[in-house]
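Structure assessment
Here's the letter readout for the chains.
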Amino acid sequence: MEFASSSLCQAHKVALTRQPSPPVNSCSLGSVSVIGFSLPQISSPSLAKCRREQSSFSSVRACVAVEQKTRTAIIRIGTRGSPLALAQAYETRAKLQAKHPELTEDGAIHIDIIKTTGDKILSQPLADIGGKGLFTKEIDEALINGHIDIAVHSMKDVPTYLPEKTVLPCNLVREDVRDAFICLTAASLAELPAGSVVGTASLRRKSQILHKYPSLSVEENFRGNVQTRLSKLQGGKVHATLLALAGLKRLSMTENVASILSLDEMLPAVAQGAIGIACRTDDDKMASYLASLNHEETRLAVACERAFLETLDGSCRTPIAGYAAKDEEGNCYFRGLVASPDGTKVLETSRKGPYVFEDMVKMGKDAGQELLSRAGPGFFGN
């Protein structure tokens, strides 16, 4: 199974090329179904015939069912349908199978692709269509209603509140949190000529770019999956863009990177690079499976960052960045940032303390309270 991606050119040591998804064994084709999606990325004779003849949700679901094994899945995974979301679902499946031999049997793990509000509306900036929860709401509803057993999320998409009847007890090992600079003509933001346009839908990235490089311009409504944004760049809609390095690594697309921004140049989004897996609060079986996958160091870092975000009441209208990590002494070192949307004002703070859940949550909240106090009313312009 291959994901649709753009064929992009090479320039300035940047190879923007067509990329396949991570390898999927033959049985996985029989363990994927789709809610609200067409299926351009799945190729088999029966599904191709199905796509030609049917287009409704029920027909698509039924056609995919033709390819499934007859046995009932032990675990049904819910995820979005982007190549990156699927790569994260496949990573989750592989880790579950490595830990639990009974899950290696054909059909034991089934992946449901669920189309979210954020997937459906691509013509507007995220802040204009509802902010946080745009990429999780429909998946959470499927979880609560029992249509799936676990939900795989990019943690930076997850609101600071969780829906009732759900719990998020598991974070996989965190990927590289830094942002990558992608450009056909320059190796870094500093090399871009004045007036160059950088495409990003993230106010966090926009504010930090404009704060350090006020001569640049930012195209805010630069949305779509990784492949779509690279295609827009190749088509000349912008001169450069920034993407999370974690996503590029998971898609095996790091050859597209011109340079990697340091944490001093671009502090990452809260929980960037982390995958979170949720289940129902009353599902002890799934909780047990997820406990076997949880990476506690990542979970604690994410909890610290999300406590900071929650204190600031962050949304897609608010430029906020935060990063917690274990230092050489084994302590937690946290850095947080808030900015005005135009980048003219940036406030930063840091904390250091024991790498313990309660202490780290307290650090995040305390850092958030400090920046709220320093920013004052009206700082964010809304």
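An unreviewed UniProt entry annotates the chain as hydroxymethylbilane synthase of Brassica rapa subsp. trilocularis. UniProt, in the comment section headed Pathway (unreviewed entry), describes the chain in these words: "Porphyrin-containing compound metabolism; protoporphyrin-IX biosynthesis; coproporphyrinogen-III from 5-aminolevulinate: step 2/4." What UniProt states about the chain under its Cofactor (unreviewed entry) heading is, verbatim, "dipyrromethane".

Counting its regular elements, the chain contains eleven helices and 16 strands. By residue count, 54% of the 382 residues in the chain fall in the buried class. Considering only residue pairs separated by 6 or more positions, the chain has 69% of its internal contacts joining residues 24 or more positions apart. By element, 49% of the accessible surface of the chain is carried by carbon and sulfur atoms, the whole surface being about 16,400 Å².

Time to look at the packing of helix α10 (residues 296-311) against helix α11 (residues 357-375). Two numbers describe how α10 lies on α11: the axes approach to 7 Å, and their chain directions differ by 30 degrees. Regarding the angle of α10 to α11, the classification is roughly parallel. Considering only the axes of α10 and α11, their crossing is right-handed. Contacts from Arg299, Leu300, Ala301, Ala303, Cys304, Ala307, Phe308 and Thr311 of α10 reach α11 at Phe357, Met360, Val361, Gly364, Lys365, Ala367, Gly368, Gln369, Leu371 and Leu372. Tallied by class, residues from the contact of α10 with α11 come to twelve nonpolar, four polar and two charged.

According to the stated counting rule, one finds 22 salt bridges in the structure shown. Linking Asp179 and Arg204 is a salt bridge whose minimum nitrogen-to-oxygen distance equals 3.0 Å. Of the two residues, Asp179 is situated in strand β8 (residues 179-183) and Arg204 in helix α6 (residues 203-212); the sequence distance between them amounts to 25 residues. Judged on exposure class, the residue Asp179 and its partner Arg204 are both buried. Close ionic contact of Glu348 with Arg335 constitutes a salt bridge, the shortest N to O distance being 3.8 Å.

Here the focus is helix α3 (residues 83-99). The terminal C-alpha atoms of α3 lie 24 Å apart, and with 17 residues this matches the ideal 24 Å at 1.5 Å per residue to within 8%. Within the sequence span of α3, burial applies to Pro83, Ala85, Leu86, Ala87, Gln88, Ala89, Tyr90, Thr92, Arg93 and Leu96.

Once that is clear, we can look at the sheet that holds strand β16 (residues 346-353). The three strands lie next to each other as β14-β15-β16, forming an open sheet whose pairing is antiparallel. With one partner strand each, in any of the chains shown, β14 (320-326) and β16 form the two edges of the open sheet. When the angles between neighbouring strand axes are averaged without regard to direction, this sheet yields 10 degrees. For β14 and strand β15 (residues 332-339), the ladder comprises seven bridges, and the chain directions are antiparallel. Each bridged residue has a counterpart across the sheet, and for Tyr323 the counterpart in β15 is Arg335.

As summarised here, the arrangement of the five strands in space is β10-β9-β11-β8-β12, forming an open sheet in which the pairing is mixed. What marks the edges here is a single partner per strand, and that holds for β10 (217-219) and β12 (259-260). Of the strand pairs in this sheet, strand β9 (residues 197-199) and β10 are connected by three bridges, and their pairing is parallel. Bridging across to β10, Val198 finds its partner in Val218. Sitting on the sheet, helix α7 (residues 226-234) is in contact with β8 and β11 (240-244), with an inclination near 165 degrees to β11.

Looking now at the nonpolar core. Counting residues in each nonpolar core, the largest one holds 33 residues, and the members touching the most others are Ile148, Met155, Phe308, Cys332, Val338 and Met360. Excluding residues that lie within four positions of it along the chain, Met360 makes contacts with Leu300, Ala301, Cys304, Cys332, Pro354 and Tyr355.

Next up on the list: the side chain of His100. On the secondary structure map, His100 appears in the loop between α3 and β5 (109-114). Overall, the relative accessible area of 16% leaves His100 in the buried class. In this structure the side chain of His100 is engaged in a polar contact, spanning 2.9 Å, whose partner is the side chain of Ser292. Ignoring sequence-local partners within four residues, the contact set of His100 consists of Tyr289 and Ser292.

Turning our attention to the packing of aromatic side chains. For any two aromatic rings, the description comes down to two numbers: the centre-to-centre distance and the angle of the planes. Enumeration according to the criterion identifies one aromatic pair in this entry. Between the aromatic rings of Phe308 and Phe334, the centroid separation amounts to 5.0 Å while the plane-to-plane angle is 65 degrees, which identifies the pairing as edge-to-face. Pair noted here: Phe308 is in helix α10 and Phe334 is in strand β15, with a separation of 26 residues, a long-range link. The exposure class assigned to Phe308 is buried, which follows from its relative accessible area of 0%. Taking relative accessible area as the criterion, Phe334 reaches 0% and is therefore assigned buried. Sitting over the ring of Tyr355, Lys326 keeps its end group 4.8 Å from the ring centre.

Here we come to the layout of surface pockets. Space inside the second largest pocket adds up to approximately 310 Å³. In this structure, the second largest pocket is lined by 14 residues; those nearest its centre are Leu168, Val302, Ala303, Arg306 and Phe357. Elements that contribute at least two residues to the lining of the second largest pocket include exactly β7 (166-171), α10 and α11. Of the residues forming the lining of the second largest pocket, the biggest block, six residues, is contributed by α10. For the lining of the second largest pocket, the per-class residue count stands at eight nonpolar, two polar and four charged.

Quick notes on the rules
- Residues numbered from 1 in each chain as written.
- Predicted model: local features only at pLDDT ≥ 70, side-chain atom pairs only at ≥ 80, totals over all residues.
- Heavy atoms only, no water.
- UniProt positions renumbered as here; feature names shortened; annotations may be inferred.
- Helix = DSSP H or I, 4+ residues; strand = E, 2+ residues; numbered from the N terminus.
- Buried < 20%, exposed > 50% of the residue type's maximum accessible area, 1.4 Å probe, protein only.
- Contact = heavy atoms within 4.5 Å.
- Areas by Shrake-Rupley, 256 points an atom, 1.4 Å probe, with all protein chains shown as cover.
- Axes fitted to C-alpha atoms, helices over the stretch in contact; angles between N-to-C directions.
- Parallel < 35°, antiparallel > 145°, perpendicular 65-115°, else oblique.
- Left-handed = near helix turned anticlockwise from the far one by under 90°.
- Nonpolar A, V, L, I, M, F, W, Y, C, P; charged D, E, K, R; others polar.
- Salt bridge = Lys/Arg side-chain N within 4 Å of Asp/Glu carboxyl O.
- Expected span 1.5 Å × (residues − 1).
- Pairing = 2+ DSSP bridges.
- Core = buried A, V, L, I, M, F, W, Y, C linked by side-chain atoms within 4.5 Å.
- Polar contact = N/O pair within 3.5 Å; in protein donor to acceptor, adjacent residues only side chain to side chain.
- Phe/Tyr/Trp six-rings, centres within 6.5 Å; stacked < 30°, edge-to-face > 60°.
- Lys NZ or Arg CZ within 6 Å of the ring centre and 35° of its normal.
- 1 Å grid on protein atoms, 1.4 Å probe; cavity = no way out; pocket = protein on both sides within 12 Å on 5 of 7 lines; lining within 4 Å.
- Points joined across faces, edges and corners; volume = space filled by probe spheres on them.

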